[in-house]
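So you can see what is in the structure, the chains are spelled out below.
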Number of protein chains: 2
Amino acid sequence: MKGFLNFLILWLISKEKMTGAEIAVELEKRKGHKPSPGTIYPVLKELKDKGLLSMDDNKRYSLTKQGKKELEIGLNTFFETFCDIDEMRSCCKK
Amino acid sequence: MKGFLNFLILWLISKEKMTGAEIAVELEKRKGHKPSPGTIYPVLKELKDKGLLSMDDNKRYSLTKQGKKELEIGLNTFFETFCDIDEMRSCCKK
DNA sequence: AAGAAAGTATCGGAAATCCGATACATTTAT
DNA sequence: ATAAATGTATCGGATTTCCGATACTTTCTT
């Protein structure tokens, strides 16, 4: 997995097919900041070129088999990095 | 909060006082990659200059009051960004 | 006490990340 | 059917992030 955004986008798409615009809106909701077109589309292109994403007729992206595999790798390192995530949460919730 | 590494370092230090070297080792354990001196020390300096960290006589860093506040902000956006983290975990565990 | 080893710090530059401008395509509204 | 609005895509460049080299300091070994 390369970047933070790549990982997050893979995760979002794994939950449901999305267009670039939809992804941008969702990222704004979550992070509080909408990525510019110059950010989002190159990332999507990169992921597609790597064979992690495929696009349907309505320009909605979904994960390929390889994309799912890559996401799983990303999830693993994510939870290794944040191995104490429950502690983080309880620390946050007060 | 600025970068990913800054956030992670704040979190680590919040759990226990650490030196730069100790932080580097812990990051290697978690992410599988040890940051170089040229990465870790400038970050620590930046956080110290911003008043988020203080250093004791043994060069161990700990969070200042402001650092704790900043960490809390970071934790909040973290869990907003990964609002479906339980889903991520269950997806990972198979 | 002297040398070796490990830790700390800084610097310049490579690479990654992200943006705003621009152009083009598609959809929506009139 | 035309215009407006929205979405998609690309490009150049600004910024951020990170590294490896180097130098210095501190700690350990003998």
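These numbers were taken from a predicted model, which means no experiment stands behind them.

Asks: How do you make sense of the relation of the copies chain B and chain A when you look at a structure like this?
Replies: Between the two chain copies there is a screw-like relation: a rotation about an axis and a shift along it. It takes a turn of 180° to lay chain B on chain A, together with a shift of 0.0 Å along the axis; the resulting RMSD is 0.0 Å. Those values place the two copies in the arrangement expected of a two-fold rotation axis. For chain B, the minimum C-alpha distance to the rotation axis belongs to phenylalanine 4 of chain B and amounts to 4.3 Å.

Asks: How do you make sense of the protein's contact with DNA strand C when you look at a structure like this?
Replies: Neighbouring DNA strand C are 18 residues; His33, Gly38 and Thr39 of chain A together with Ala21 and Tyr41 of chain B lie closest to it. Each atom of DNA strand C within 4 Å of the protein was assigned to sugar, phosphate or base; sugar and phosphate come to 62%. At 2.7 Å, a backbone N or O of alanine 21 of chain B approaches a phosphate oxygen of DNA strand C. Measuring from a phosphate oxygen of DNA strand C, one finds a side-chain N or O atom of tyrosine 41 of chain B at 2.7 Å. If you list the elements that add at least two residues to the surface near DNA strand C, you get α3 (37-49) of chain A together with α2 (20-31) and α3 (37-49) of chain B. With 5 residues, α3 of chain B is the single largest residue contributor to the surface near DNA strand C. Looking at side-chain class alone, the surface near DNA strand C contains 7 nonpolar, 8 polar and 3 charged residues.

Asks: Looking at this model, I keep getting lost on the side chain of serine 62 of chain A. Mind explaining?
Replies: All names here are of chain A. If you trace the backbone, serine 62 turns up in strand β2 (residues 61-63). Relative accessible area serves as the criterion here: at 19%, serine 62 is assigned to the buried category. Apart from residues no more than four positions distant in its own chain, serine 62 is found in contact with Ile13, Lys17, Leu52, Leu53 and Ser54.

Asks: Please clarify how the interface of chain B and chain A should be interpreted in this entry.
Replies: Interface size is often expressed as the accessible area that is lost when the parts come together. Listed by partner, the interface residues are 25 residues for chain B and 25 residues for chain A. For the chain B and chain A pair, buried surface summed over both sides reaches about 2600 Å², with 67% attributable to carbon and sulfur atoms. Across the contact surface, chain B and chain A share 8 salt bridges. Across the pair aspartate 84 of chain B and lysine 15 of chain A runs a salt bridge, and its minimum N-O distance is 2.6 Å. Secondary structure elements with two or more residues in the side of chain B that touches chain A: α1 (4-15), α2, α4 (65-81) and α5 (85-92) of chain B. Of the residues in the side of chain B that touches chain A, the class split is 13 nonpolar, 2 polar and 10 charged.

Procedures and definitions
- Residues numbered from 1 in each chain as written.
- Chains lettered and ligands numbered in written order.
- Predicted model: local features only at pLDDT ≥ 70, side-chain atom pairs only at ≥ 80, totals over all residues.
- Heavy atoms only, no water.
- Least-squares fit on C-alpha atoms with pLDDT ≥ 70 in both.
- Near = heavy atom within 4 Å.
- Polar contact = N/O pair within 3.5 Å; in protein donor to acceptor, adjacent residues only side chain to side chain.
- Helix = DSSP H or I, 4+ residues; strand = E, 2+ residues; numbered from the N terminus.
- Nonpolar A, V, L, I, M, F, W, Y, C, P; charged D, E, K, R; others polar.
- Buried < 20%, exposed > 50% of the residue type's maximum accessible area, 1.4 Å probe, protein only.
- Contact = heavy atoms within 4.5 Å.
- Buried area = accessible area lost by both parts, 1.4 Å probe.
- Salt bridge = Lys/Arg side-chain N within 4 Å of Asp/Glu carboxyl O.

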